[in-house]
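Residue-level structural notes
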Amino acid sequence: MDYVEEVFDRVRLQNPAQPEFHQAVREVLTTLRPVIARDEERYRREALLERMTTPERVILFRVPWVDDRGQVQVNNGFRVQFNSAIGPYKGGLRFHPSVNLGVIKFLGFEQVFKNALTGLPIGGGKGGADFDPKGKSDREVMAFCQSFMTELYRHIGADTDVPAGDIGVGGREIGYLYGQYKRIRGTYEGVLTGKGLTYGGSLARTEATGYGLLYLTEEMLKSNGKTLAGLTVAVSGAGNVATYAIQKAWQLGAKPVTCSDSTGWIYDPEGIDVATLKQVKEVRRARLTEYAAQRPGAEYHPGKGVWTVKCDVALPCATQNELGLEDAKALVANGCFAVAEGANMPTTLEATKYFQDHGILFCPGKAANAGGVATSALEMSQNSQRLSWTFQEVDSRLQGIMVNIFHMLDDAAKEYGMAGDYVAGANIAGFRKVAQAMEAQGIV
Ligand code: NDP
Ligand code: 2IT
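Residues numbered from 1 in each chain as written. Chains lettered and ligands numbered in written order. Predicted model: local features only at pLDDT ≥ 70, side-chain atom pairs only at ≥ 80, totals over all residues. Heavy atoms only, no water.

Details of the sheet that holds strand β2 (residues 72-83)
Ordered in space as β1-β2-β4-β3-β5, the five strands form an open sheet in which the pairing is mixed. Each edge of the open sheet is held by one strand with a lone partner, namely β1 (57-66) and β5 (161-164). Shown here is a sheet whose adjacent strand axes are inclined to one another by a mean of 20 degrees, direction ignored. Relative to β2, β1 runs antiparallel, the two being bridged by 10 bridges. Bridge pairing in β2 links Ile59 to Arg79. (Pairing = 2+ DSSP bridges. Helix = DSSP H or I, 4+ residues; strand = E, 2+ residues; numbered from the N terminus. Axes fitted to C-alpha atoms, helices over the stretch in contact; angles between N-to-C directions.)

Points about the environment of Phe95
For Phe95, the position within the fold is in strand β3 (residues 89-95). Since its relative accessible area comes to 1%, Phe95 is described here as buried. The sequence separation of Phe95 and Met345 amounts to 250 residues, and the corresponding C-alpha distance is 17 Å. The contact partners of Phe95, leaving out residues within four places of it in the chain, are Gly128, Ala129, Phe131, Pro133, Phe144, Cys145, Phe148, Ile167, Gly168, Val169 and Glu173. (Buried < 20%, exposed > 50% of the residue type's maximum accessible area, 1.4 Å probe, protein only. Contact = heavy atoms within 4.5 Å.)

Comments concerning the pattern of salt bridges
Applying the stated criterion to the full structure yields 31 salt bridges. Glu393 is the salt-bridge partner of Arg397, the closest N and O atoms lying 3.1 Å from each other. Here Glu393 and Arg397 lie together in helix α16 (residues 391-415), a separation of four residues that amounts to about one turn. As a salt-bridge pair, Lys414 and Asp410 come within 3.1 Å of each other at their nearest N and O atoms. On the criterion of helical spacing, the pair formed by Lys414 and Asp410 is a turn pair, its members being four residues apart in helix α16. Asp410 sits in the buried class, given a relative accessible area of 7%. Among the ionic contacts, a cluster of salt bridges with common partners joins Asp2, Glu5, Arg26 and Arg33. (Salt bridge = Lys/Arg side-chain N within 4 Å of Asp/Glu carboxyl O.)

Some words on the site of ligand 2
Contacts to ligand 2 come from 14 residues, most closely from Lys90, Lys114, Asp166, Arg205 and Ser376. Gln111 places a polar side-chain atom, nitrogen or oxygen, 3.0 Å from an oxygen atom of ligand 2. Between ligand 2 and Lys114 there is a distance of 2.8 Å, counted from an oxygen atom to a side-chain nitrogen or oxygen. For ligand 2, whose free accessible area comes to 290 Å², the fraction covered by protein is 94%. A class-by-class count of the residues in the shell around ligand 2 yields two nonpolar, seven polar and five charged. (Near = heavy atom within 4 Å. Polar contact = N/O pair within 3.5 Å; in protein donor to acceptor, adjacent residues only side chain to side chain. Areas by Shrake-Rupley, 256 points an atom, 1.4 Å probe, with all protein chains shown as cover. Nonpolar A, V, L, I, M, F, W, Y, C, P; charged D, E, K, R; others polar.)

Description of the sheet that holds strand β7 (residues 255-256)
Here we have five strands laid out as an open sheet, ordered β7-β6-β11-β12-β13, and parallel in their pairing. In this open sheet, the two edge strands, each paired with only one partner strand, are β7 and β13 (361-363). Two strands pair when backbone bridges link them, and strand β6 (residues 232-235) and β7 are joined in this way by two bridges, in the parallel orientation. Paired with Thr232 across the bridge in β7 is Lys255.

Observations regarding the packing of helix α15 (residues 370-385) against α16
In contact at an axis separation of 10 Å, α15 and α16 are set at 135 degrees when each is read in the N-to-C sense. The pairing of α15 with α16 is recorded here as oblique in orientation. Handedness of the α15/α16 crossing: right-handed. Along the contact surface, α15 presents Ala370, Gly371, Ala374, Thr375, Leu378 and Gln382, while α16 presents Val394, Arg397, Leu398, Ile401, Met402 and Ile405. Its residues assigned to classes, the contact of α15 with α16 shows eight nonpolar, three polar and one charged. (Parallel < 35°, antiparallel > 145°, perpendicular 65-115°, else oblique. Left-handed = near helix turned anticlockwise from the far one by under 90°.)

Some details on helix α7 (residues 171-185)
In a regular helix each residue adds 1.5 Å, so 15 residues correspond to 21 Å; α7 covers 21 Å between its end C-alpha atoms and thus fits that length. Those residues of α7 that fall on the buried side of the exposure criterion are Arg172, Glu173, Ile174, Leu177, Tyr178, Gln180 and Tyr181. Taken together, the buried residues of α7 touch β3, α6 (138-152) and β5. Immediately beyond the C-terminal end of α7, within one or two residues, lies Gly186, with a positive phi of roughly 70 degrees. (Expected span 1.5 Å × (residues − 1).)

A closer look at the site of ligand 1
Inspection of the region around ligand 1 gives 25 residues, with Asp166, Thr209, Ser262, Arg287 and Asn344 positioned closest. Within the side chain of Lys134, one N or O atom sits 2.8 Å away from an oxygen atom of ligand 1. Arg205 is positioned such that a nitrogen or oxygen atom in its side chain is 2.9 Å from an oxygen atom of ligand 1. When the free accessible area of ligand 1 is taken as 890 Å², the share hidden by the protein chains comes to 83%.

Rendered as structure tokens:
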């Protein structure tokens, strides 16, 4: 058995019942084979892949809080500090009922390579809770966030571990979390990113993941002789990433025609109206049926199906494994020629392979959605300097970072004779940086 296969078996055995973590590790290790092959003996002796697939630290904690009826509720809290070879742990917090240790480990593992690709000094981590913010009052969300931080605060800090948002954690939650951290610690430090603009947040962080996704997609198209202008784009999700992906798609001359949430999806032949989407989702926190009610030309479809729409480019921006083999077949049959992942691991391994086998340009999430965490790192820089940069300054740095990431993937793939395989390119480029830093720092 080769070293890669041995390590994968070990991961499966030592982490039972964590299918998302296995999937993420499987994808990375498989594409690293040619790199490992060049130095297999050394990597094996150093147990480098065993160390890379084992988190430095896993924190599990109880989160008790009181709901509006006076009933005590208990949720499970998680923080996985995966790898600090190149900087303090950095990565979001997810509040969603589907959160469990395997999900947080898959996200933390992906984050290590993603953060390396940004070129900024940030290690990888992820956290969250199986708390469902949907339908909760602001007071309940605050009570939960305060209880969550009352345990988490002892494990994080501006130079140790800097959480941010993810699914179910946006500006409101970051505000409550930050307030409680400051109250307990008594220090005003950049311990979270995605903060509000009045208390240390960065301009363009809200937009960054969606905007960055489009900057990278445009660069990928350009390098293949195409451009976004005039193309039809299908987007899934209706949250932070999807909303600003849709906005930037319009700005680059494309027409985004879909969005979705966990109950249904919208096809708007005129193109998604960003103001209506924001009003429904960001302000009123309502369902997408409300969007359709306000846009007579738009169709609302309950359930899944967003990938059946005819489009040139598909941008999955909701959640893991939302785009399977049948969806990939439908997209390709309808003429879609490029896919870039706004979400983390939204495409199953089978669907990814189908895209690649059919010559579809495919950019994985750890590169395509890295604009969010990259801008978080810019927020950390601004907090350290005690300065705030202009929107334009942050946005132009973001653009530069995304263009640079695309070329890192492209170059790494070419170097190993796999031109156009951006999945391999991302994993190889991310791995090389983290591996070098780990080797330089000895056995820790
Ligand atoms: P939000 O909570 O703002 O939005 C999530 C969207 O996805 C909502 O429309 C939600 O629908 C939908 N969704 C979530 N879970 C499911 C599910 N199980 N089935 C169907 N739809 C679902 O999160 P973000 O936009 O921040 O995150 C979206 C994705 O992007 C995630 O994979 C996240 O990890 C990734 N990401 C986020 C970054 C960020 O900066 N925020 C950075 C990089 C990646 P509903 O409201 O009905 O639940
Ligand atoms: O998946 C991700 O990269 C994020 N949710 C953003 C993490 C961050 O620290 O900004």
